[in-house]
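Single-letter residue listing:
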Amino acid sequence: MTQPDPQPRDRTATALRTRELGGIGEADAGSQMTLVGWVHRRRDLGGLYFVDLRDRSGIIQVSLGPDVLDDQALEVVRSLGSEDVIRIEGEIILRPEEARNPEMATGAVEVRARGIERLNRAETPAIPVFRGPEDELPSEKLRLRHRHLDLRRAELQQNLRLRHRLILAVRNYFDALGFVEVETPILTKPTPEGARDYLVPSRVHPGEFYALPQSPQIYKQILMTAGFDRYLQIARCFRDEDLRADRQPEFTQIDLEAAFVDSDDILEWVEGLMVDLAQVAGIEAVPPFHRMGWQESMERYGSDRPDLRWELEIDDWTDLLVTADSNILKGAVEKGGRIRGLRIVDGARLSRREVEAIEEEAKKAGAPGLLWAKRSADGGSGPLSRWMEEAHWEGTGAGEGDLLLVAAGPDRVTSPALSAARGAVIDTMELPKVREHAWLWVLDFPLFEEEDGALYANHHPFVLPHPEDRERLESDPLSVRGIAYDLVYNGSELGSGSLRIHDPSLQRTVLGILGLEPEEIDRKFGFLLEALASGAPPHGGIALGMDRMVKDFLGVGSLRDVIAFPKTTAARALYEGAPTEATPEALAELRLKAETS
């Protein structure tokens, strides 16, 4: 006689448990299960005990009473502490209707325990495991110091599970497009890419150093010359730079490169990827995404990563307001600057203190200040209003009750200032959004930028100059555009990419414009130039910030909430205590000496 098939084993079952807690529900009533987890909370109701048992998937209530448990088991229950690790054997039963907890996914059932085993006793936790939105979190410093406890919080576990699902979706998406995942070196050669390298001394080659990669940029270009055609890597990268909430010294990026492509190929592939990732994250991404040139983005929003959830834009009022009787405005224009500003409908309702707070944000962005004016029925108020005539009010489009914010000077000063003011106005006035999910491609960045008389690569030195501008490459390099593109989501740059230079002579020219001597070019980039000279195909790619993407999709405030073991803004790992001093013996072996001042 054929034996019936055994009950299929749950995918989360192990030798110690029947299944995870999450998902246990009414359909499981009557089932006998062995469950494990941490004691989230214990309650004593006059001899009847309730324990909230927690694992990574959820929480379930366990009832433990003298009618089922023997004295030895009850003694274990009485001595349970928070975060003890236990194993429960029992039956899943329906909770009475009045005792059900709609706040819990498992709130319709409980476990009636017939056995309990303590697998490990926990010391009193240094920080409480967060139980709900009404409980106050410990300071971030304490949470990072005791990260193993902080990571037990459901919020952080959910964040990291989303990260896992997004990375899985990335690999599946690009595998279907024929991309090959290739790991590039972590110990590599120092090259100038815009930030400081982390250097690693070589023991076997005294006085010589590796660098941790700021990106796999050169290696992935070489892979194109090697004929791989389509490359992918979930890459770890390292940059020794000042930190902010959206920066970490080590980070993860989705790195891709492809041969025989133009920029439209890359943009369309990434848009398709964002559709898949948005579905995983529960947000919206509808291609084709809006495209805007860098110059237009800076002109309209003062930023190369504008947040298009709001429509507030910058206006150029140079020709209009230079006629006002203001030496400040006229002087700025005479020095080659412009007069630009924001018209805020109904902005006159803002108090002086609120306007000054907005002005303070512009000052933080580098402006000496803002001129402002409120239009009212009897004329206007504010520092700018003394010079405003009717023609000026009309020319700006300001109606009664509106506010004008004006910055005068060179664009490099006024653009970031007005961008900061725009964000402050949006926050202060709580302006309504025109869309919830604003996707944007910013295109055609300048190939170079200037600082203190020196030229620097805007993205990196390998961006392909725009063919329409190439004849001005040496005569007027600051006017040359690169075929570069950034992906922006809700005002956050998620990724940056470009077509690459595949002609070695053109690459030498660009490096020379950046101030590198021929010998230095050969020393630093000779291996790349050799690869390009071997018959390099046209190619391009992009790097997407994995950490930032998860942060923005979740809407959390810091990258530290989506990384398991992050660094602080001082680049310290509080949990393991890094960096730390090396022993004299280790330094001697590396032929190094430590100086602390």
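Look up a bit, the structure's there.
So, here is what we can say about the structure in this document. None of the values given here were measured: they were computed from a predicted structure.

Time to look at the pattern of salt bridges. Inspection of every chain in the model, using the stated rule, returns 49 salt bridges. Glu75 serves as the salt-bridge partner of Arg78, at 3.5 Å between the closest nitrogen and oxygen. A residue pair is termed a helical-turn pair when its members lie 3 or 4 positions apart in one helix, as Arg78 and Glu75 do in helix H1 (residues 71-78) at 3 residues. Residues Arg375 and Glu390 are paired through a salt bridge, measuring 2.7 Å at the closest nitrogen-oxygen approach. Of this pair, Arg375 sits in strand E14 (residues 371-376) while Glu390 sits in helix H11 (residues 390-396), and the two are 15 residues apart along the sequence. Members of the salt-bridge network, linked through shared partners, are Arg143, Arg147, Asp150, Arg153 and Glu155.

Here the focus is the sheet that holds strand E22 (residues 539-545). The sheet built from 8 strands is open, its strands ordered E6-E9-E10-E22-E21-E20-E17-E11 with mixed pairing. Pairing within the sheet leaves two strands with one partner each, and these edge strands are strand E6 (180-181) and strand E11 (290-293). As paired elements, strand E17 (residues 439-443) and strand E20 (residues 484-489) share 5 bridges and run antiparallel to each other. By the bridge assignment for E20, Leu440 is matched with Val488. Lying on the sheet, helix H5 (residues 217-225) is in contact with strand E9 (230-238), strand E10 (250-259) and E22; it crosses E10 at an angle near 20°.

The subject of this paragraph is empty space enclosed by the protein. Within the structure shown, the criterion is met by 2 cavities of 30 Å³ or more. By volume, the second largest cavity amounts to about 40 Å³. Lining the second largest cavity, in full, are Leu144, Arg147, Phe565, Pro566, Ala573, Leu574, Tyr575 and Glu576. Residues of the lining of the second largest cavity, tallied by class, amount to 6 nonpolar, no polar and 2 charged.

A separate point is the packing of H5 against helix H14 (residues 518-532). Put simply, H5 and H14 touch, their axes get as near as 9 Å, and they point 25° apart. Relative to H14, H5 is oriented roughly parallel. Crossing handedness for the pair H5 and H14: left-handed. Across from Ile218, Gln221, Ile222 and Thr225 in H5, the residues of H14 making contact are Phe525, Phe527, Leu528, Ala531 and Leu532. Looking at the contact of H5 with H14 residue by residue, the class counts come to 7 nonpolar, 2 polar and no charged.

Moving on, we get to the sheet that holds strand E5 (residues 109-120). Ordered by their spatial adjacency, 5 strands build a closed barrel running E1-E2-E3-E5-E4, and the pairing between neighbours is mixed. Within this sheet the neighbouring strands show an average axis-to-axis angle of 55°, counted without direction. Of the strands in this sheet, strand E1 (32-45), strand E2 (48-55), strand E3 (58-64) and E5 touch H1, which is tilted by about 85° from E5.

A few words on the packing of aromatic side chains. Under the defined criterion, the tally for this structure stands at 10 aromatic pairs. Taking the centre distance of 5.1 Å and the plane angle of 85° together, the rings of Tyr173 and Phe174 count as edge-to-face. With respect to class, Tyr173 is no different from Phe174; both count as buried. Geometry around Trp387 places Arg386 over its ring, the cationic atom sitting 4.9 Å from the centre.

Next up on the list: unusual backbone geometry. Put simply, Pro287 and Pro288 share a cis peptide bond, and its omega is -5°. By secondary structure assignment, the location of Pro288 is in the loop between helix H6 (263-281) and E11. Geometrically, the link from Ala578 to Pro579 is a cis peptide bond, its omega value of 0° lying close to zero. By secondary structure assignment, the location of Pro579 is in the loop between helix H15 (546-554) and helix H16 (584-589). We note that Asp444 has phi near 55°; this positive angle belongs to a residue other than glycine.

This paragraph deals with a negative patch on the surface. A grouping of Glu449, Glu450, Glu451 and Asp452 is seen on the molecular surface, where their side chains present a negatively charged patch. Relative to the assigned elements, Asp452 resides in the loop between strand E18 (448-451) and strand E19 (454-457).

What follows concerns the pairing of E19. Relative to E19, E18 is paired through 4 bridges, and the arrangement is antiparallel. Bridge pairing in E19 places Phe448 opposite Ala457. Linking E18 to E19, which pair antiparallel, is a turn of 2 residues; within it Asp452 sits at a positive phi near 55°.

Okay, the side chain of Asp55 next. Here Asp55 shows up in strand E2. Of the side chains bearing the opposite charge, Arg17 lies closest to the buried Asp55, which forms no salt bridge; the N-O distance is 4.3 Å. In terms of polar contacts, Asp55 uses its side chain to reach the backbone amide nitrogen of Leu21, at 3.0 Å. In this view, Asp55 contacts Arg17, Glu20, Leu21, Gly22, Val36 and Trp38; residues no more than four positions away in its chain are not counted.

To continue, consider the environment of Met546. Along the chain, Met546 falls in helix H15. On the basis of relative accessible area, Met546 is assigned to the buried category, the value being 0%. Linking Met546 and Glu354, residues 192 residues apart in sequence, is a C-alpha distance of 36 Å.

In this section: the pairing of E17. Where burial is concerned, most of E17 is hidden: 5 out of the 5 residues are buried. Burial of the side chains of E17 extends over both faces: Trp439, Trp441 and Leu443 are buried on one face and Leu440 and Val442 on the other. Pairing of E11 with E17 involves 4 bridges; the strand directions are parallel. If you follow Met292 over to E17, its bridge partner there is Val442.

Viewed as axis vectors pointing N to C, helix H4 (residues 154-176) and H15 meet at an angle of 120°, and their least axial separation amounts to 10 Å. Classed by the angle they form, the pair H4 and H15 counts as oblique. For the element pair H4 and H15, the recorded crossing hand is right-handed. Taking contact as the criterion, the partners of Asn159, Leu162, Arg163, Leu166 and Ile167 in H4 are, on H15, Met546, Asp547, Val550, Phe553 and Leu554. Class assignment of the residues belonging to the contact of H4 with H15 gives a composition of 7 nonpolar, 1 polar and 2 charged.

This part covers the nonpolar core. Ranked by size, the top nonpolar core spans 73 residues in total, and within it Met274, Trp439 and Phe553 carry the most contacts. Of the residues forming this core, the biggest block, 8 residues, is contributed by H6. Those residues within four positions of Phe553 in sequence are excluded, and the remaining contacts are Leu166, Met274, Leu277, Ala281, Ile283, Trp439, Tyr489 and Leu494. Listed in part, the 23 residues of the second largest apolar core include Leu21, Leu64, Leu69 and Val77.

Thresholds applied
- Residues numbered from 1 in each chain as written.
- Predicted model: local features only at pLDDT ≥ 70, side-chain atom pairs only at ≥ 80, totals over all residues.
- Heavy atoms only, no water.
- Salt bridge = Lys/Arg side-chain N within 4 Å of Asp/Glu carboxyl O.
- Helix = DSSP H or I, 4+ residues; strand = E, 2+ residues; numbered from the N terminus.
- Pairing = 2+ DSSP bridges.
- Contact = heavy atoms within 4.5 Å.
- Axes fitted to C-alpha atoms, helices over the stretch in contact; angles between N-to-C directions.
- 1 Å grid on protein atoms, 1.4 Å probe; cavity = no way out; pocket = protein on both sides within 12 Å on 5 of 7 lines; lining within 4 Å.
- Points joined across faces, edges and corners; volume = space filled by probe spheres on them.
- Nonpolar A, V, L, I, M, F, W, Y, C, P; charged D, E, K, R; others polar.
- Parallel < 35°, antiparallel > 145°, perpendicular 65-115°, else oblique.
- Left-handed = near helix turned anticlockwise from the far one by under 90°.
- Phe/Tyr/Trp six-rings, centres within 6.5 Å; stacked < 30°, edge-to-face > 60°.
- Buried < 20%, exposed > 50% of the residue type's maximum accessible area, 1.4 Å probe, protein only.
- Lys NZ or Arg CZ within 6 Å of the ring centre and 35° of its normal.
- Patch = residues over 30% accessible without salt bridge, like charges linked within 9 Å, V, L, I, M, F, W, Y side chains within 5 Å.
- Areas by Shrake-Rupley, 256 points an atom, 1.4 Å probe, with all protein chains shown as cover.
- Lys, Arg positive; Asp, Glu negative; His and termini not counted.
- Charge placed at Lys NZ, Arg CZ, Asp CG, Glu CD.
- Polar contact = N/O pair within 3.5 Å; in protein donor to acceptor, adjacent residues only side chain to side chain.
- Core = buried A, V, L, I, M, F, W, Y, C linked by side-chain atoms within 4.5 Å.

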